[in-house]
Amino acid sequence: MSRLAERLPGLRLTNPVHFLAVGFGLGLARKAPGTWGTLAALPFYFLMADLSLPLYLGITAVMGVVGIYLCGKTAEDMNTHDHPAIVWDEVVGMLITMAMLPAGWPWMVGAFVAFRFFDILKPWPIRLLDKHVHGGLGIMIDDVLAGVFALGVVQLAAALL
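We now turn to the structure provided with this report. Keep in mind it's a predicted model, so treat the numbers as computed, not measured.

### A few points about helix α4 (residues 41-48)
At 3.6 residues per turn, the α-helix brings residues three or four places apart onto the same side.
(1) Moving on: Taken residue by residue, α4 has A41, L42, Y45 and M48 as its buried positions. Taken down its axis, α4 places every buried residue within 135° of arc, on the same side.
(2) Moving on: Residues of α4 that are buried in the fold lie against α3 (33-38), α5 (53-77), α6 (88-97) and α7 (105-121).

Written as structure tokens, this is what we have:
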């Protein structure tokens, strides 16, 4: 049995559902997997940044709906509720945060910090949803809401600066 199989029973990286759910492997980091997994959003963002806002939001919404299945199935296969290695929810939350993002690296860093802040601290009502909604939707919903909160912070900063 491999070290990964011992540490993460039920997870199979050869399964495309699992591979996506763990953010192409970034969620397998031993320290701060959610932070590393959030970085998996960047290639998607670079591919989507020049799209119209409706198309960007539509693709992000589809990724969120697909994420309900990806995260739920992977958690079920791992026999857990929301294993830290499952980070597709962070990918979608970060894409929400970066909608309408002003150009430049400082804005990307700010968006990353804002999203991680809300994802880690889980202020009300994020914490409430995290505790009471289960399955794939439960895994996704707190990060979607954290992304919405972070989007608000980033857009407020953009309007004020």
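After that view, the rundown keeps rolling.
### Observations concerning the side chain of R116
(1) Moving on: With respect to the helices and strands, R116 occurs in helix α7.
(2) Moving on: Owing to a relative accessible area of 11%, R116 belongs among the buried residues under this scheme.
(3) Moving on: When neighbours within four sequence positions are excluded, R116 is seen to be in contact with G34, T35, T38 and E90.

### Description of the side chain of E90
(1) Moving on: By secondary structure assignment, the location of E90 is in helix α6.
(2) Moving on: One buried charged residue, E90, forms no salt bridge at all, with the nearest opposite charge on R116 at 4.1 Å.

### Brief notes about helix α9 (residues 135-160)
(1) Moving on: Along its 26 residues, α9 runs 39 Å from first to last C-alpha, staying within 8% of the 38 Å computed at 1.5 Å per residue.
(2) Moving on: What α9 keeps buried is the set G136, G138, I139, M140, D142, D143, L145, A146, G147, A150, L151 and V154.
(3) Moving on: For α9, the secondary structure elements touched by its buried residues are α5, α6, α7 and α8 (126-132).

### A closer look at unusual backbone geometry
(1) Moving on: W124 connects to P125 through a cis peptide bond whose omega is 5°.
(2) Moving on: Here P125 shows up in the loop between α7 and α8.
(3) Moving on: Even without being glycine, F24 reaches a positive phi, approximately 60°.
(4) Moving on: Relative to the helices and strands, F24 resides in the loop between α2 (16-21) and α3.
(5) Moving on: Of note, the phi angle at A32 is positive, near 55°, even though the residue is not glycine.
(6) Moving on: Looking at the secondary structure, you find A32 in the loop between α2 and α3.
(7) Moving on: Overall, the relative accessible area of 40% leaves A32 in the partly exposed class.

### Some thoughts on the nonpolar core
For soluble globular proteins, nonpolar side chains are generally found buried alongside one another.
(1) Moving on: Membership of the largest hydrophobic core comes to 41 residues, with the highest contact counts inside it found for W88, L95 and M98.
(2) Moving on: At the level of elements, α2, α4, α5, α6, α7 and α9 are the ones that each hand at least two residues to this core.
(3) Moving on: Leave out the neighbours within four places in its chain, and M98 touches A41, L42, Y45, Y56, M108 and A111.

### Let's talk about the packing of aromatic side chains
(1) Moving on: Tallied over the full model, the rule gives nine aromatic pairs.
(2) Moving on: Ring centres of F19 and F24 lie 5.6 Å apart, and the angle between their planes is 75°; this geometry places the pair in the edge-to-face category.
(3) Moving on: Overall, F19 belongs to the partly exposed group, its relative accessible area being 33%.
(4) Moving on: We classify F24 as partly exposed; its relative accessible area is 36%.

How each quantity is defined
- Per-chain numbering applies: the sequence of each chain, read as written, is numbered from 1 onward.
- In keeping with the model being predicted, local features are shown solely for residues with a pLDDT of at least 70 and side-chain atom pairs are shown and tallied solely at 80 or more, while totals for entire chains, interfaces and linings include all residues.
- Side-chain numbers come from the whole structure's heavy atoms, not from hydrogens or water.
- Residue burial is assigned from relative accessible area. The probe radius is 1.4 Å, only protein chains are included, and a residue is buried under 20% of its type maximum, exposed over 50%, and partly exposed in between.
- By definition, any uninterrupted DSSP run of H or I lasting at least four residues is a helix, any uninterrupted run of E lasting at least two residues is a strand, and each is numbered from the N terminus.
- When we speak of the arc, we mean the arc of directions from the helix axis to the C-beta atoms.
- By definition, residues are in contact when any of their heavy atoms lie within 4.5 Å.
- Charged residues are defined narrowly, with Lys and Arg counted positive, Asp and Glu counted negative, and His plus the chain ends left uncounted.
- For salt bridges, the criterion is a side-chain nitrogen of Lys or Arg within 4 Å of an Asp or Glu carboxyl oxygen.
- A helix is expected to reach a length of 1.5 Å times the quantity of its residues less one.
- Each nonpolar core is a collection of buried residues, namely Ala, Val, Leu, Ile, Met, Phe, Trp, Tyr and Cys, held together in the definition by side-chain atoms within 4.5 Å.
- Under the pairing criterion, centres of Phe, Tyr and Trp rings, with the six-membered ring standing for Trp, must be within 6.5 Å; the plane angle then separates stacked pairs below 30 degrees from edge-to-face pairs above 60, leaving the rest tilted.

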